[in-house]
Amino acid sequence: MSAAQTRDVRRWTLPAGREYEAVNVLVSAPLLRRHEWRWRAWWIGLAVSGLFTAVMAVTIFRVLSHGVGIWGYNTTVVWGFPLANYVWWIGIGNAGTLISSMLLLMRQSWRTSINRFAEAMTLFAASIAGLYPILHLGRPEYFYWLIPYPNTMNLWPQWRSALIWDFWAILSYLLFSIIFWYFGMIPDLATLRDRATGHGARCFYGALALGWRGSARHWWLYEIYHTTMACLAVPLVVSLHSVVGLDFAASLMPGWQETIFPPYFVIGAMYSGFAMVALLTALLRWGFRLQALITLAHFDVMAKIMLAASLIMGLSYATEWFAAWYHGEHTERALVIFQLTGPYAPIYWCMLLFNVALPQAFWSPRVRRSVLAVVAISVFINVGMWFERIGIVTGTLSHDYSPSMWRLFFPTFWDWSMLFGALGFFGLLYLVLARLFPMVSMHEVRRLIADEVRP
Amino acid sequence: MILLARFAHGDALAGAAHKARASGYRPADAFTPFPIDGLAETLETQPPYIRVAMFIGGAGVAALAYAVEWYSAVLDYPIDSGGRPLHSWPTFVLFPFAIGILAAAISGLIAFFWQSGLPRLHHPLFDADGFERVSQDAFLLAFTAPDKSDPRKLRTLLRDAGALAVWEMTP
């Protein structure tokens, strides 16, 4: 055992979480010994998120029955909240894959206690993101035309369209993430199967564990497949948000047609995703009493990553301004002036404040190690990132080449209900998941603490 | 008959497996709550073909996807838009890439199940005493039918190698 490994274990766990059995108990208690918990906060959360989910369901029903005209679109601003929400949710989804694959490949052992619920966040965020483009289509019943299938119309999809790229990127990413998440959980499902006392729980976890018995050969194959999946996940996740960036960059609009968009979107995605992970980490740590496995050091490193991302975001915004100036095109320059001083300026300045200025507080170790401060700044980052996306969508469309077509975008009630309804739906899915599946990867934590457990 | 030996931690188990092999016993398998580095090599496993399957599946589906794009855009449904090339490969790359990675993931999953023999909801070993601890905190080394010599010798060897308990089970 090297000194570095010991330091790692001591840093990422508390003594109460440095026994195999202690880890098993900590993680499985909310699932198997649920009667010992009060669950009051959980029920309140479920009721609130259920209410918002109902709002979302009503909105979707209304969109399907009345069309996209119920949203604040006009003849000029034909993309509104749904597109901004879509980019925002996809971005949140990215961080789960970042934590589970990129940090795995870089041997960052601290990821072990947060990767599972970050992956779950990815699944739900990507699923919700996938709803928006379909609802926004206007003819959602024809979304399957994006699939190349033999049809009586003798039509093929238009492969040069960004819509097709989007569809396949999201679909592949979503299914890939489901496989990755479930596969990584199989050994933990076996643990739950073996710990469960009730017949129903034994059958449920037993069936899902697929007969996993911890054989050394199986572990060997498991590691080969899991690591290879991680290697594939990194290019997939980078390509996914690059495609989202290309939705804009492949157009001819001022403020969109920028080569910086794909990398800038990828970093922004990981930024907002990390902010969401930090938020969920704080909630789960408190709700499931995981203080022994999720320490202040976790918040410290996550804050550092957000700090680095905030600097890159600041640089990206500055690059946009510089590019507009250097480009020399009047419309490009006018758009930057419009963003900084026009009617949407408050949104733009708030974005700069939340995404670039506020996170500079993370330079202070005291702020990084304060859960409350990290949570508060994470919320601001998420709001700021949403402002960024709505600014990109509506800013450009409101102010393109032809002044006669300039219109402002005003959201309607249904715009807001779809935004907050989806947040409630995310909460609902997450709360249900937390009652059914282990939120921390037990076998990876056991491996992390193995050196400390040894007599 | 299966002989099972329990160890306190993974390194002790790996050491015992090594010693047993050196003395001419071949451990049938080991059961651990998390992967132990180098253990599979000691146990003589067949080479894995998961990555090969992933490459073939991924590259094959990606090639197929590209072929569909090329056939539909160049041969079956050509759209001449200002004389631009029908075979516009830069925009054709993304669909094969995304679906190729998905196909690689699915191929690898199938290969994993194929080679590991899972899903197999029941296995005789699940009846062994204390086997339910394997998924939690137990490290077991298993030997099948130690016919070559006295099983007592193997027991002594395992105890000397640090086994906490050695017991037999008949599946």
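Counting from 1, residues in each chain are numbered in the order their sequence is written. Whichever chain is written first is A, and whichever ligand is written first is 1; the rest continue in order. A pLDDT threshold of at least 70 governs which residues receive local features in this predicted model, and a stricter bar of 80 or more applies before side-chain atom pairs are shown or counted, although totals over entire chains, interfaces and linings include all residues.

## Digging into the overall build of chain A
For step 1, the next point in the chain: In terms of helices and strands, chain A carries 16 helices and 0 strands.
For step 2, the next point in the chain: When we talk radius of gyration, it's over C-alpha atoms, and the globule rule is simply 2.2 Å times the number of residues to the 0.38. Rg of the C-alpha trace for chain A: 23 Å, near the compact-globule value of 23 Å for 455 residues, within the 12% margin.
For step 3, the next point in the chain: Oriented by its inertia axes, the alpha-carbon framework of chain A measures out at about 75 × 55 × 40 Å.
For step 4, the next point in the chain: The proportion of buried residues among the 455 residues of chain A is 50%. Secondary structure elements are defined from DSSP: runs of H or I of at least 4 residues count as helices, runs of E of at least 2 residues count as strands, and each element is numbered from the N terminus. Exposed residues have 12 or fewer other C-beta atoms within 10 Å of their own C-beta, buried residues have 20 or more, and residues in between are partly exposed; the C-beta atoms are placed from the backbone.

## A word on the overall build of chain B
For step 1, the next point in the chain: Counting its secondary structure elements, chain B contains 6 helices and 4 strands.
For step 2, the next point in the chain: If you list the helices and strands of chain B from N to C, you get β-α-β-α-α-α-α-β-α-β.
For step 3, the next point in the chain: Judged by the C-alpha coordinates and their principal axes, chain B covers about 85 × 30 × 30 Å.
For step 4, the next point in the chain: Counting all 171 residues of chain B, 42% fall into the buried class.
For step 5, the next point in the chain: Throughout, a pair of residues is in contact if the C-beta atoms placed from their backbones lie within 7 Å. Within chain B, contacts between residues separated by at least 24 positions form 79% of all contacts whose residues are at least 6 apart in sequence.

## Description of helix α5 (residues 115-136) of chain A
Residue and element names in this part refer to chain A.
For step 1, the next point in the chain: A helix is expected to reach a length of 1.5 Å times the quantity of its residues less one. With 22 residues, α5 should cover 32 Å at 1.5 Å per step; its first-to-last C-alpha distance of 32 Å lies within 8% of that length.
For step 2, the next point in the chain: α5 sits mainly inside the fold: 18 of its 22 residues count as buried.
For step 3, the next point in the chain: Of the residues trailing α5, glycine 138 is marked for its positive phi of about 90°.

## A closer look at the domain arrangement of chain B
For step 1, the next point in the chain: The split of the chain into domains comes from an automatic or database domain assignment. Assigned domains of chain B: these are domain 1 (2-47 + 123-169) and domain 2 (50-116).
For step 2, the next point in the chain: Using only C-alpha atoms to locate each centre, domain 1 of chain B and domain 2 of chain B end up separated by 45 Å.

## Quick look at the interface of chain B and chain A
For step 1, the next point in the chain: Listed as interface residues are 55 residues of chain B and, on the opposing side, 51 residues of chain A.
For step 2, the next point in the chain: Going through the elements one at a time, β2 (29-31), α2 (39-42), α3 (50-76), α4 (89-92) and α5 (94-116) of chain B are the ones with two or more residues in the side of chain B that touches chain A.
For step 3, the next point in the chain: Here the side of chain B that touches chain A takes 14 residues from α5 of chain B, the largest share from any one element.
For step 4, the next point in the chain: The class makeup of the residues in the side of chain B that touches chain A is 34 nonpolar, 14 polar and 7 charged. Residues are grouped as follows: Ala, Val, Leu, Ile, Met, Phe, Trp, Tyr, Cys and Pro are nonpolar; Asp, Glu, Lys and Arg are charged; all remaining types, including Gly, are polar.

## As for the pairing of strand β1 (residues 2-7) of chain B
Residues and elements named next belong to chain B.
For step 1, the next point in the chain: Among the 6 residues in β1, 5 count as buried, and that is most of the element.
For step 2, the next point in the chain: Two strands are said to pair when DSSP picks up at least two bridges between them. Relative to strand β3 (residues 139-144), β1 is paired through 6 bridges, and the arrangement is antiparallel. By the bridge assignment for β3, isoleucine 2 is matched with threonine 144.

## Things to note about the nonpolar core
Generally speaking, a soluble globular protein has its nonpolar side chains buried in company with each other.
For step 1, the next point in the chain: For our purposes the nonpolar core covers buried Ala, Val, Leu, Ile, Met, Phe, Trp, Tyr and Cys residues that link as a set through C-beta atoms within 7 Å. Phe274 and Val277 of chain A are the most contacted members of the largest nonpolar core, which has 187 residues in total.
For step 2, the next point in the chain: Counting the residues that make up this core, at least three belong to each of domain 1 (2-47 + 123-169) and domain 2 (50-116) of chain B.
For step 3, the next point in the chain: Ignoring anything within four residues of it in the chain, the contact list for phenylalanine 274 of chain A reads Ala95, Met302, Ile305, Met306 and Ala309 of chain A.

## Things to note about the sheet that holds β2 of chain B
All names here are of chain B.
For step 1, the next point in the chain: Read from one edge of the open sheet, 4 strands run β2-β3-β1-β4, paired in antiparallel fashion. In this open sheet, the two strands that pair with only one neighbour each are β2 and β4 (165-169). The average angle at which neighbouring strand axes cross in this sheet is 25°, direction not considered.
For step 2, the next point in the chain: With 5 bridges connecting them, β1 and β4 associate as antiparallel partners. Note on geometry: axes are lines fitted to C-alpha atoms, helical ones only across the stretch in contact, with angles between N-to-C directions running from 0 to 180 degrees.

## What to know about the environment of phenylalanine 92 of chain B
For step 1, the next point in the chain: Looking at where phenylalanine 92 of chain B falls in the secondary structure, it is placed in helix α4.
For step 2, the next point in the chain: As a C-alpha pair, phenylalanine 92 of chain B and alanine 165 of chain B span 73 residues in sequence and 61 Å in three-dimensional space.
For step 3, the next point in the chain: With residues up to four places along the chain from it excluded, the contact list for phenylalanine 92 of chain B reads Trp159 of chain A together with Tyr66 and Glu69 of chain B.

## Comments concerning unusual backbone geometry
When glycine is set aside, most residues are seen to have a negative phi, and most peptide bonds are trans.
For step 1, the next point in the chain: The residue after leucine 118 of chain B, namely proline 119 of chain B, is reached through a cis peptide bond having omega -10°.
For step 2, the next point in the chain: Of note, proline 119 of chain B is situated in the loop between α5 and β3.
For step 3, the next point in the chain: Phi is positive for arginine 289 of chain A, close to 50°, though the residue is something other than glycine.
For step 4, the next point in the chain: Mapped onto the elements, arginine 289 of chain A comes out in the loop between α9 (261-287) and α10 (296-327).
For step 5, the next point in the chain: Judged by C-beta crowding, with 13 C-beta atoms within 10 Å, arginine 289 of chain A ranks as partly exposed.

## Some thoughts on helix α2 (residues 20-32) of chain A
Residue and element names in this part refer to chain A.
For step 1, the next point in the chain: With 13 residues, α2 ought to run about 18 Å at 1.5 Å a step, and its terminal C-alpha atoms sit 17 Å apart, in line with that.
For step 2, the next point in the chain: At leucine 26, α2 shows its largest kink, close to 30°, and the proline proline 30 lies no more than four residues downstream.
For step 3, the next point in the chain: Of all the positions in α2, only Tyr20, Ala22, Val23, Asn24, Leu26, Val27, Ser28 and Pro30 are classed as buried.
For step 4, the next point in the chain: Buried-residue contacts for α2 involve α6 (162-195) and α16 (442-453). The term bend refers to the angle at a residue between two fitted axes, each drawn through seven residues, those ending there and those starting there.

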